Each structure stands twice: as C-alpha cells, then as structure tokens.
Amino acid sequence: MHEVKGVIARGKGAPVSVETVLVPDPGPGEALVAVATCGVCHTDLHYREGGISDDFPFLLGHEAAGTVEAVGAEVTDVAPGDVVILNWRAVCGECRACRRGRPWYCFATHNATQPMTLADGTRLSPALGIGAFAEKTLVASGQCTKVDPAAHPAAVGLLGCGVMAGLGAAVNTGAVTRGDSVAVIGCGGVGCAAIAGARLAGAGTIIAVDTDPRKFDNAIALGATHTVDSSDRDPVSAIQELTGGFGADVVIDAVGRPETWKQAFYGRDLAGTVVLVGVPTPEMQLELPLLDVFGRGGALKSSWYGDCLPSRDFPMLVDLYQKGRLDLDRFVSEEIGIDDVEAAFTKMHAGEVLRSVVVL
C-alpha cells in the first residue's frame, strides 16, 4: 500500500478535507500513477453536492496528468516512466460500439478493480474512476494516454476532461467545418474550449454567449468573433442578427439547463445542429413542441466527453499546443496546492476562473 494525501468529499454539501489515502500496487490491467497536476472541474463539485451519486466518501479529481510509476500484469500500452494524461473512458475494444469501429462510444469502459481506501479501511469512490486529487492514484491502464513529456502538465492535463469535452463538442460531435457559423452558450472552461475547437476547425463566425461579460476576454482570446451578453438581450435574436437573420449552423450548449438548450435549439439555422455538452442535473425537464422539432430539421446531439478517442485525440492536441496552435495555457487561471480545492470551488462557482489547477 502507498500512503498518500488526497481530497475527500465525505458527505453531501460538506466542505472537502485532505486525508490519508491508501493506494494499492497495481494488479492485472492496472497502473499506478504519480499525479503531477489535476484541474478543478465542475464535475468534482457535482460529486461533492451529491449530484452524480450518493456513494460517499469520494476521492475527488479526474482532470489530470502524471507519470506511470508501476504497472500490473498484462499491461502493454504504458510502462513506468511514461508521462500520461488520464481519461475516464478506457475503451474496452469488445463491446458493440467498439466492434462497429466507433470506440469513442464504448459502452463498457472500465476502471481499476482494486479499491483505494481511507486509513481506516473505508472504501473510496474515485471521481469518474480516477480520483486524482491525490499524490498517487490507481487506474486501469487504458485510462492512461502517453504524451510528450516536454508538454506543460498543468495545461495538457486539462485535456483529461473539460477542454476535451468542449473542443470535441465542436470538432467531433458538432462536426464544425470551414466557414461554419457557431454559437457557444456558456463561456466557462468547457464553453471556451468549444470556441477554441470551432476556431481550429475553421469556423467563420464564432459567437460567445454568457450572462457574465467578464468571461468574454477569454472567449475572444480563444477565437470568438462576437459576444452576446444574454443578461442584457435575447440570445436567440442576437445570434440570428449576427448570422444574416438565419441562426448559426452549430449551437453548443455548454451550460446544460432547459432554458439554455431551448436557446440553442431556436438559435440555430434550419437543418442546423444543436450540441449539448453541459451536464444537466437529474431533476431537469424539457418541454418542446414536437412540431418545432420536426419543422426545423437538423440534428440534436449530446456530446459524451467530446466524443473523443483519447489515444487518437490527446497526442494530436498536445502537438497542436506545442506548435502554438492551441492555447491550453489560457485555460490555467491559477496553480494551487492540494489544500486549496475548497477555495477553488468557490472561485469556479463565482465565475472567477477558467481552471484552477492543483500541482502535486
């Protein structure tokens, strides 16, 4: 057992605490990773608030980069010393999606089988099967994607969740292409990543929509050509005005609320695409005239993890970052210690940061 410090959520809504965590040596198909950095993602706050499950206590953290320290039997894809980004969708290679050549939809993703525990033996639930607000964590080897060790870990580690989710929502799910018009509703970390993805894909008009104009500086820096303060004006009519009266080809909802999804639905052009990447809570309901769904045509999509394939997408995006074509450094608002996660949740909730990144 490896005795490390980790960030624990013990109960719904309770402040997190830094406690001793016991991490076992890797078994078959597993890897022990020394965590270098881990971003503070809104999903971790969802866990703390009981919005994902009530399987407390949780070992939080999942948006991480680190170095493989040891691997178990039958592991061939990574080795000790490899610098990796952790992902929460280890592809199985055998389910019906994988057999059809669509592994980004893998329906049987897996995690480490051995539990990590508190010092008293209490079994922990690692966030998204990772639990990376810890000095070391145990994951399935397929959750490790090897990348260039020269890349700055605080920046590239964000590909492990939020940046990949947003960027993939534009490039993979929304299939944004040259000359498209794109609107992104919600300009936090995921929304700004969608804006960056739209620019990478060659979109012409990129509209950033948010109720907080403080977020527009980052949105513009990452590729937005126009901004809409939706606390001051109707975003649907604003998007239409900026796209010749028609609406955008692709509208990405990075908030995940019924009202923002409706704005996305009515803010797109006929036969346009809506992409939902913001995560709703279980009680949210959507009511919409079915005739409008039929009459407007197009596609209504949800984006799971940006429909990414980590083995394909992470190295490619790290390469773009190192060549100066993808500004991942812009997403790192601050680097903090493991004791600062609770304060980082407050800053994130207040919209003060794109990402606080824990450096271990």
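Structure shown above.
An account of the accompanying structure is given in this report.

Analysis parameters
- Note that residues are indexed from 1 along each chain, following the sequence as it is written.
- Only residues with pLDDT of 70 or above have their local features reported here, since the model is predicted, and side-chain atom pairs are shown and tallied only from 80 upward, although totals for entire chains, interfaces and linings are computed over all residues.
- The basis for every side-chain value is the complete set of heavy atoms in the structure, and neither hydrogens nor water enter the calculation.
- Note on pairing: DSSP must find at least two bridges between two strands before they are called paired.
- Strands are runs of DSSP state E lasting at least two residues, helices are runs of H or I lasting at least four, and both sets are numbered from the N terminus onward.
- Here an axis means a line fitted to C-alpha atoms, over the contact stretch when the element is a helix, while the angle between two N-to-C directions is reported on a 0 to 180 degree scale.
- Any pair of residues with heavy atoms lying within 4.5 Å of one another is described as a contacting pair.
- Under the convention used throughout, the expected extent of a helix is 1.5 Å for every residue step, that is, one less than its residue count.
- Note on classification: 1.4 Å probe, protein chains only; a residue is buried when its accessible area is under 20% of the maximum for its type, exposed when over 50%, partly exposed between these limits.
- Arc, as used here, means the arc of the directions from the helix axis to the C-beta atoms.

1. Quick word on the sheet that holds strand 11 (residues 181-185)
Either a parallel or an antiparallel arrangement is found when strands of a sheet pair, and the pairing is made through backbone hydrogen bonds.
Then step 1. Across the sheet, six strands lie side by side as 13-12-11-14-15-16; this open sheet has parallel pairing. Each of the sheet's edge strands pairs with one partner strand only, and the pair in question is strand 13 (226-229) and strand 16 (299-302). Averaged over neighbouring strand pairs, the angle between their axes works out to 20° when direction is ignored.
Then step 2. Along the sheet, helix 8 (residues 258-267) contacts strand 11, strand 14 (248-253), strand 15 (268-276) and strand 16; its crossing angle with strand 15, the most-contacted strand, is approximately 150°.

2. A look at the sheet that holds strand 4 (residues 58-59)
Then step 1. With mixed pairing, five strands are arranged side by side in an open sheet as 7-2-1-4-8. Of all the strands in the sheet, the pair left with one neighbour each is strand 7 (117-118) and strand 8 (125-126).
Then step 2. By the bridge criterion, two bridges tie strand 1 (residues 2-9) to strand 4 in an arrangement that is antiparallel. Bridged to Ala9 within strand 4 is Phe58.

3. As for helix 10 (residues 310-322)
Then step 1. Here helix 10 contains 13 residues, and its C-alpha end-to-end distance of 18 Å stays within 8% of the 18 Å for a straight helix at 1.5 Å per residue.
Then step 2. Of all the residues in helix 10, the buried ones are Pro310, Asp313, Phe314, Leu317, Val318, Leu320 and Tyr321. Buried positions in helix 10, seen along its axis, are confined to an arc of 160° and lie on one side of it.
Then step 3. Against strand 6 (83-86), strand 10 (144-146), helix 3 (153-156), helix 4 (162-173) and helix 5 (189-200) lie the buried residues of helix 10.
Then step 4. Where helix 10 terminates, the next one or two residues include Gly324, which has phi positive at roughly 80°.

4. Quick word on unusual backbone geometry
Then step 1. A cis amide bond links Phe56 to the next residue, Pro57, at an omega of -5°.
Then step 2. Phi is positive for Glu74, which is not a glycine, with a value near 75°.
Then step 3. Among the structural elements, Glu74 can be located in the loop between strand 5 (63-71) and strand 6.
Then step 4. Phi at Ala271 is positive, roughly 65°, even though this residue is not glycine.
Then step 5. Summarising the element assignment, Ala271 is placed in strand 15.
Then step 6. Judged by relative accessible area, Ala271 falls into the exposed class, the value being 57%.

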